[in-house]
Amino acid sequence: MMSRMRIALLALALTFVAACAGTTAASPSPTPLATSTTTASSAPTAAAAATQATTNAALACTAPAAPLVELTEGPYYKANPPQNATLRTAGVAGTPLTLTGYVVSTSCQPIANAKLDFWQADGNGSYDNSGYTLRGWQLTDQSGAYRLETVIPGLYPGRTEHIHFKVTVSGKTYTSQLFFPGVSQNASDSIYSTQMLVTLNTATSPVTGTFTFVVNVA
Ligand code: FE
């Protein structure tokens, strides 16, 4: 009887020790608590996935962001260009350029289905005024992103390197031009705006550039 009691007491004692050990192991508090908090907030929830595009676009600008500077359309726009995001075709003169980015509001919210209409000179500074080479429009995707395959435009008399564009959001069209860093003619071009400078990476092939179009909507 006594030995059964001892065994029972021993078992009870062991259970207590085990319980204490378990409690101790589970509670090395601050770090695990912090970890579990982080995990909870970064869990791949539907809401997180839905806001990923917003995050990406927000990284492209800091709210409130200044809206793009509207500049003259110039004389070479042709109506009814094709829907085409790949303007660079075989035989077109110029250094290949892939330009990417977002169309966002002044609060850096991405804008899906914004219409971006680009037109430009080729690498020799010549526009195709009889056809639609280096002319085309595209819509931003659901994350507000665009991708333009083109060439770096050349110089023509009186103008530095530039790409013309119109961006249309909710029926309102903003017309302006993009410019390139490090071009000496920027300084003497009366239309040039530092706020419309593409960020360029010439170490890649093709050369890559980024630009975020901020339109004047909240
Ligand atoms: Fe032009």
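A. Expanded view of the overall build of the protein chain. When helices and strands are counted, the protein chain shows 3 helices and 9 strands. Ordering the α and β elements of the protein chain from the N terminus gives α-α-α-β-β-β-β-β-β-β-β-β. Considering only contacts in the protein chain between residues 6 or more positions apart, those separated by 24 or more positions represent 72%. Just so you have it, the protein chain exposes about 11,900 Å², and 60% of that area is on carbon and sulfur atoms.

B. Spatial organisation of the pattern of salt bridges. Throughout the structure, instances matching the rule amount to 4 salt bridges. A salt bridge links Glu149 to Arg147; the shortest N-O distance between them is 2.9 Å. A relative accessible area of 13% means that Glu149 is categorised as buried. Of the residues examined, Arg147 reaches a relative accessible area of 48% and is grouped as partly exposed. Salt-bridge contacts for Arg159 lead to Asp189; the nearest nitrogen and oxygen are separated by 2.7 Å.

C. Spatial organisation of the coordination of the iron ion. Taken together, Tyr127 (OH), Tyr156 (OH), His162 (NE2) and His164 (NE2) make up the protein donors of the iron ion, found 1.9 to 2.1 Å from the metal. Between the 4 donor atoms coordinating the iron ion, the angles at the centre fall across 91 to 156°, so the site counts as irregular.

D. Highlighting the layout of surface pockets. Here the largest pocket is characterised by a volume of approximately 220 Å³. Forming the walls of the largest pocket are 14 residues, and the residues nearest its centre are Ala60, Gln195, Phe211, Thr212 and Val214. Its residues placed into classes, the lining of the largest pocket shows 9 nonpolar, 5 polar and no charged.

E. Structural detail: the confidence of the model for the protein chain. The predicted model of the protein chain averages 83 in pLDDT, with 78% of residues at 70 or higher. The model gives residues 5–41 a pLDDT under 50, and that stretch makes 0 contacts with residues more than four places away or in other chains.

F. Broad picture of the nonpolar core. Judged by nonpolar contacts, the single largest core of 31 residues is most densely connected at Val103, Phe118, Val167, Leu178 and Phe213. Put simply, the parts of the chain that give this core at least two residues each are strand 1 (96–104), strand 2 (115–120), strand 4 (145–151), strand 5 (162–169) and strand 6 (172–179). If you tally residues by element for this core, the top one is strand 5, at 4 residues. Those residues within four positions of Val103 in sequence are excluded, and the remaining contacts are Gln109, Pro110, Ile111, Ala114, Leu116, Thr140, Gly144, Val167, Val169, Phe213 and Val215. Membership of the second largest hydrophobic core comes to 7 residues, among which are Cys61, Ala65, Tyr102 and Ala145.

G. Seen up close, the packing of aromatic side chains. Within the structure shown, the criterion is met by 10 aromatic pairs. Seen in terms of ring centroids, Tyr127 and Tyr156 are 5.5 Å apart; in terms of plane orientation they differ by 75°. Their pairing is edge-to-face. One end of the pair, Tyr127, is in the loop between strand 2 and strand 3 (135–139); the other, Tyr156, is in the loop between strand 4 and strand 5, and 29 residues separate them in sequence. Among the residues examined, Tyr127 registers a relative accessible area of 12% and is labelled buried. We classify Tyr156 as buried; its relative accessible area is 15%. On the basis of an interplanar angle of 65° and a centroid distance of 5.3 Å, the ring pair of Tyr146 and Phe213 is categorised as edge-to-face. Here the residue Tyr146 occupies a position in strand 4, and Phe213 occupies one in strand 9 (residues 213–214), the gap between them amounting to 67 residues. What makes Tyr146 buried here is its relative accessible area of 4%. The exposure class of Phe213 is buried, given its relative accessible area of 0%.

Definitions and limits used
- Residues numbered from 1 in each chain as written.
- Predicted model: local features only at pLDDT ≥ 70, side-chain atom pairs only at ≥ 80, totals over all residues.
- Heavy atoms only, no water.
- Helix = DSSP H or I, 4+ residues; strand = E, 2+ residues; numbered from the N terminus.
- Contact = heavy atoms within 4.5 Å.
- Areas by Shrake-Rupley, 256 points an atom, 1.4 Å probe, with all protein chains shown as cover.
- Salt bridge = Lys/Arg side-chain N within 4 Å of Asp/Glu carboxyl O.
- Buried < 20%, exposed > 50% of the residue type's maximum accessible area, 1.4 Å probe, protein only.
- Donors = N, O, S within 2.8 Å, 3.2 Å for Na, K, Ca; no water.
- Tetrahedral: all angles 85-135°; square planar, octahedral: opposite > 155°, others 65-115°.
- 1 Å grid on protein atoms, 1.4 Å probe; cavity = no way out; pocket = protein on both sides within 12 Å on 5 of 7 lines; lining within 4 Å.
- Points joined across faces, edges and corners; volume = space filled by probe spheres on them.
- Nonpolar A, V, L, I, M, F, W, Y, C, P; charged D, E, K, R; others polar.
- pLDDT = per-residue confidence, 0-100.
- Core = buried A, V, L, I, M, F, W, Y, C linked by side-chain atoms within 4.5 Å.
- Phe/Tyr/Trp six-rings, centres within 6.5 Å; stacked < 30°, edge-to-face > 60°.

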